[in-house]
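Geometric and topological summary
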Amino acid sequence: MFFSSFSFINIIRFRLNRHRLDALIIANATHDIISMAAVVGYPLMTVPLGFNTTTNEPYGLLFAASAWSESTLLRVAHGFEQALPIRNTVRPKYAPFPM
């Protein structure tokens, strides 16, 4: 689904204001919100959420906030990482580069 940048701004502002939120959580990294956030200048931040148990590849959780709210977004992401200290629990296993 495609949104114009104007409707995108209104959707995010409406959600943040209506529910008195500092940031939104985006669980799907392919969501339209990611590309539109870049267009309209909304900050995004990814924090570690865990590792795939089969491949040991890391995955994350994305936070979005309104324009000019980077400091708020940093506080939200920092609070999340402090509450769930996942970053250093498991290290992924990377394959060596082929020579």
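1. Structural notes on the pairing of strand β2 (residues 44-51)
Here is the key point about a regular strand: its side chains alternate between the two faces of the sheet. Pairing analysis gives 7 bridges linking β2 to strand β3 (residues 58-64), with the strands arranged antiparallel. In the strand pairing of β3, L44 is matched with A64. Counted between consecutive antiparallel strands, the loop separating β2 from β3 contains 6 residues, among which N56 sits at a positive phi close to 60 degrees.

2. Thoughts on unusual backbone geometry
Non-glycine residue R20 carries a positive phi angle of around 50 degrees. Mapping R20 onto the fold places it in the loop between α1 (5-18) and β1 (24-26). For W68, which is not glycine, the phi torsion reads 65 degrees and is therefore positive. By secondary structure assignment, the location of W68 is in the loop between β3 and α3 (70-83).

3. Let's talk about the packing of aromatic side chains
One pass over the full model with this rule turns up 1 aromatic pair. Each ring, one from F63 and one from F80, has its centre 5.6 Å from the other, and the planes form 65 degrees; the classification is edge-to-face. With a gap of 17 residues between them, F63 in strand β3 and F80 in helix α3 connect regions that are remote in the sequence. The class of F63 is buried, set by a relative accessible area of 4%. Overall, the relative accessible area of 16% leaves F80 in the buried class.

4. Here we look at the sheet that holds β1
With antiparallel pairing, 3 strands are arranged side by side in an open sheet as β1-β3-β2. Each edge of the open sheet is held by one strand with a lone partner, namely β1 and β2. Mean inter-strand twist for the sheet, computed between neighbouring axes without regard to direction, equals 30 degrees. Here 3 bridges tie β1 to β3, and the two strands are oriented antiparallel to one another. Counterpart to I25 in the pairing with β3 is F63.

What counts and what doesn't
- Residues numbered from 1 in each chain as written.
- Predicted model: local features only at pLDDT ≥ 70, side-chain atom pairs only at ≥ 80, totals over all residues.
- Heavy atoms only, no water.
- Pairing = 2+ DSSP bridges.
- Helix = DSSP H or I, 4+ residues; strand = E, 2+ residues; numbered from the N terminus.
- Phe/Tyr/Trp six-rings, centres within 6.5 Å; stacked < 30°, edge-to-face > 60°.
- Buried < 20%, exposed > 50% of the residue type's maximum accessible area, 1.4 Å probe, protein only.
- Axes fitted to C-alpha atoms, helices over the stretch in contact; angles between N-to-C directions.

None of this, on its own, says anything about what the molecule does.
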